[in-house]
Amino acid sequence: MEFAPKWIAWEITRRCNLKCVHCRSSSEAEVKGHPDFSTQEGFRMLEDIASYAKPVVVLSGGEPLLRPDVFDFARRGTECGLRMCLATNGLLVDDNICGKIKDSGIRIVSLSLDGSNAGVHDDFRSVNGAFDGVVRASGLFKKHGIEFIINSSFTKRNQEEIPKVYKLARELGATAWYMFMIVPTGRGEDIMNELISKEEYEEILDWHYEMEKNEDLMLVRPTCAPHYYRVVLQMARKEKDRPEGSKFKKRTLKFSTGGSKGCIAGQLICLIDVDGNVLPCSYFPMAAGNVHKQSFKEIWEGSSLFADLRDFKSYKGKCGSCEFINVCGGCRARAYAVSGDYLAEEPFCSYIPRKAARPAPEK
């Protein structure tokens, strides 16, 4: 199957002990109108997914450790043949939690780190002590032999921290570092003026290419930055004829989608939110269906929204005419957030496609 589900984020609760400035679901301690579903409903959904495919399933939130049955979900998913992972902010991690992570079959954990010090990270997460929680959790994971990755989100307020956060992720012992260029959805809509400009965006992706080319200790990858795959091809082509040039080696995490393409929303990945809605990705607030009303297979194969996202010929603007459409695709969630049209061109890409750059023929 060309578009098989490989990675599913599952929002098992919208409750959270942080109040991050960019939170896609506007999570906080108590979220009205979005109650947690029952354990049995969660089991049924995991079994339904496993009857169709065997993707990675990330137990997410909110803060998933706020649910006492989070490890019951991990065990049931593991029993069904799913590769279960966990996304946490680290504040609730202790020795007891680490033991449960290992016993439940969770394969890898992700932590969020948005600054190289408490001042920057805690400002981003709106809670004092959030930075210390990440550092403490990473130390406990190392102690217990739990593999973890670090996800970092950036806006203008912390973009100068990017190389410092990357360095700290290495020092903390992360298996991988994912650099997220935020999509303004949820509370992120309130910081639209903090989005990194398309020009600086390009410079950051160039920096990431040079860093990744020489990185031999930790897997690194920009996320929600699909045009990085265009940058990789452009830079590699420039270097291929240089005898002294370093060859770019694309590596992948064993619990990832493979890292071969930019935007894969609704193509290889999706999010199931706390209400049962199946969204193309974590930042795309439009439902393709609901698992309380349909099977996951029916949604994945029959959704008109997913069909649109998989039809690259229907993309508009620069994306529609770009020679890199098949490796990039532009961020569909960002296009939707900025223009209201998920098929519109990626608003934070400065590249001019060759077709678009050609002058119109004289009449």
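The paragraphs below set out a description of the structure included in this document. (Residues numbered from 1 in each chain as written. Predicted model: local features only at pLDDT ≥ 70, side-chain atom pairs only at ≥ 80, totals over all residues. Heavy atoms only, no water.)

### Looking at the pattern of salt bridges
Quick note on the threshold: By definition here, a salt bridge exists when the distance from a side-chain nitrogen of Lys or Arg to a carboxyl oxygen of Asp or Glu is within 4 Å. What counts as a helix is a DSSP run of H or I of at least four residues, what counts as a strand is a run of E of at least two, and both are numbered from the N terminus. Three labels apply to residues, based on accessible area from a 1.4 Å probe with only protein chains included: buried if under 20% of the type maximum, exposed if over 50%, partly exposed otherwise in between.
Tallied over the full model, the rule gives 18 salt bridges. A salt bridge links Asp 273 to Arg 14, with the shortest nitrogen-to-oxygen separation between them at 3.9 Å. Placement of Asp 273 in the loop between strand E8 (269–272) and strand E9 (277–279) and of Arg 14 in the loop between strand E1 (7–11) and helix H1 (39–50) is noted, with a sequence separation of 259 residues between them. Judged by its relative accessible area of 10%, Arg 14 falls in the buried class. We note a salt bridge from Glu 202 to Arg 230, for which the minimum N-O separation is 2.5 Å. With Glu 202 in helix H7 (residues 198–214) and Arg 230 in helix H8 (residues 228–239), this residue pair connects regions lying 28 residues apart in the sequence. For the pair Glu 202 and Arg 230, a shared accessibility class is recorded, and that class is buried. Through salt bridges with shared partners, one network takes in Glu 11, Arg 14 and Asp 273.

### Section: the pairing of strand E5 (residues 148–154)
Looking down a regular strand, the side chains alternate between one sheet face and the other. Stated precisely, the cut-off is as follows: Strand pairing is assigned whenever DSSP detects at least two bridges linking the two strands.
Of all seven residues that make up E5, seven are buried, and the element is covered over most of its length. On E5, burial covers both faces: Phe 148, Ile 150, Ser 152 and Phe 154 on one face and Ile 149, Asn 151 and Ser 153 on the other are all buried. Pairing of strand E4 (residues 108–112) with E5, which is carried by four bridges, proceeds in the parallel orientation. From the neighbouring strand, Leu 111 faces E5, where its bridge partner is Ile 150. In terms of strand pairing, E5 meets strand E6 (residues 176–181) through six bridges, oriented parallel. From the neighbouring strand, Ile 149 faces E6, where its bridge partner is Ala 176.

### Observations concerning helix H5 (residues 130–144)
We count it as follows: Multiplying one less than the number of residues by 1.5 Å gives the expected span of a helix. Pairs of residues are marked as contacts when any of their non-hydrogen atoms sit within 4.5 Å.
A rise of 1.5 Å per residue sets the reference length of H5, with its 15 residues, at 21 Å; its end C-alpha atoms lie 21 Å apart and thus fit the reference within 8%. Every buried residue of H5 is listed here: Ala 130, Phe 131, Gly 133, Val 134, Ala 137, Ser 138, Leu 140 and Phe 141. Buried residues in H5 make contact with helix H3 (95–103), E4, helix H4 (118–125), E5 and helix H6 (162–172). One or two steps after H5, the chain reaches Gly 145, where phi turns positive at roughly 70°.

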